[in-house]
Amino acid sequence: MTFAATILTLYPDMFPGPLGHSLAGRALAEGLWSCDARNFRNFATDKHRTVDDTPAGGGAGMVLKADVLAAACDAVGYGRPMLAMTPRGRPLTQARVRELAAGPGVSILCGRFEGFDERLFDARPIEQVSIGDYVLSGGEMAALVLLDACIRLIPGVMGATLSGEDESFETGLLEYPQYTRPVEWEGRTIPEVLRSGDHARIAAWRKQQAAADTRLRRPDLWERHDGVRVGTPSGAQRREQDETT
Ligand code: SAH
């Protein structure tokens, strides 16, 4: 099954963009996902093909017109989740990404200027999604971020690795720290446990590190995580201890 991505944007040439490269690019060439970027300006009805107008109540910038966007959405249809990228949306999570990746695909509305006429969301089944608490100049890069997160989870895209599974957020925690050769670099050595070949000990160490680093770096995630509340020192402290014992 192909994961079908339809993007409604004023800049269709921005797609697939970076997703034409590397893992996602290969998957696109292999037909594991499809990318159909359409210009919603084609749904404007006046001779100037107007897509925006001044904000009701005054203020800076321009607002995307509900009638034009609704016509564009209706033409695509609602057989797949219809998402609108907006900082006012629900923050994207790995859990939502997983659900979307397991489905038939997504349609994505990319905003520009001051965003969308709010009535669009009252009148059509559209899920508003934010990629974080900062403001971009347009929804295209947010859409690329969402698509990238989905595409790497499509079966067959990441190859034989299990790496989907214990990565950051999959367990509700950050991933444990990673190391690779050389064993010693600028006087710093890879923690001994990772060189021990003892898989049970390695697994326990990683679990403990993931918990400690999450607690230290992301107390918000840690609070929500309903695993065992292990009273650990910070990850960095723990790594130092391991070096000296
Ligand atoms: N006036 C709006 C911001 C508009 S930014 C506000 O203050 O809420 C222009 C467009 O960029 C938005 O319509 C949206 O499509 C996109 N965008 C900006 N920041 C985003 C974010 N954090 N997540 C998702 N899309 C975003």
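What counts, and where the lines are drawn
- Residues numbered from 1 in each chain as written.
- Predicted model: local features only at pLDDT ≥ 70, side-chain atom pairs only at ≥ 80, totals over all residues.
- Heavy atoms only, no water.
- Axes fitted to C-alpha atoms, helices over the stretch in contact; angles between N-to-C directions.
- Helix = DSSP H or I, 4+ residues; strand = E, 2+ residues; numbered from the N terminus.
- Parallel < 35°, antiparallel > 145°, perpendicular 65-115°, else oblique.
- Contact = heavy atoms within 4.5 Å.
- Nonpolar A, V, L, I, M, F, W, Y, C, P; charged D, E, K, R; others polar.
- Near = heavy atom within 4 Å.
- Polar contact = N/O pair within 3.5 Å; in protein donor to acceptor, adjacent residues only side chain to side chain.
- Areas by Shrake-Rupley, 256 points an atom, 1.4 Å probe, with all protein chains shown as cover.
- Pairing = 2+ DSSP bridges.
- Buried < 20%, exposed > 50% of the residue type's maximum accessible area, 1.4 Å probe, protein only.

Colleague: Mind showing me how you'd approach the packing of helix H3 (residues 94-102) against helix H5 (residues 139-151) here?
Modeller: Between two packed helices, the angle of one axis relative to the other and the distance separating the axes together describe the packing. Running from amino to carboxyl end, H3 crosses H5 at an angle of 70°, the nearest separation of the two axes being 8 Å. With respect to H5, the element H3 is oriented roughly perpendicular. Touching Val 97, Leu 100 and Ala 101 of H3 are Leu 146, Ala 149 and Cys 150, all from H5. The residue makeup of the contact of H3 with H5, split by class, is six nonpolar, no polar and no charged.

Colleague: Help me out: how do you make sense of the site of the ligand in this one?
Modeller: In the neighbourhood of the ligand, 20 residues make up the surrounding shell, with Met 85, Gly 111, Gly 132, Tyr 134 and Leu 136 lying closest. Contact between the ligand and Thr 86: a nitrogen atom at 3.4 Å from a main-chain N or O atom of the residue. Here a nitrogen atom of the ligand and a backbone polar atom of Gly 132 are 2.9 Å apart. If the ligand stood free it would expose 570 Å²; the protein chains cover 86% of that surface.

Colleague: I would appreciate a short explanation of the sheet that holds strand S7 (residues 127-130) in the present structure.
Modeller: Strand pairing in a sheet relies on backbone hydrogen bonds, with the paired strands running either antiparallel or parallel. Read across the sheet, five strands follow the order S2-S1-S6-S5-S7 without closing on themselves; strand pairing throughout is parallel. The open sheet has two edge strands with one neighbour each: strand S2 (33-39) and S7. Recorded for the sheet is a direction-independent mean angle of 35° between the axes of neighbouring strands. Inspection of the sheet shows strand S1 (residues 3-9) paired to strand S6 (residues 105-110) by five bridges, in the parallel sense.

Colleague: Help me understand unusual backbone geometry, please; the structure alone is not making it clear to me.
Modeller: In this structure, the amide linkage connecting Phe 15 to the following residue, Pro 16, adopts the cis form with an omega of -5°. For Pro 16, the location among the structural elements is in the loop between S1 and helix H1 (22-29). Across the junction of Arg 181 and Pro 182, the peptide omega takes the value 5°, indicating a cis bond. Along the polypeptide, Pro 182 turns up in the loop between H5 and strand S8 (184-185). For Phe 113, which is not a glycine, the phi torsion comes out positive at approximately 55°. Within the secondary structure, Phe 113 sits in the loop between S6 and helix H4 (119-123). Even without being glycine, Glu 186 reaches a positive phi, approximately 50°. Using a relative accessible area of 64% as the deciding quantity, one classes Glu 186 as exposed.

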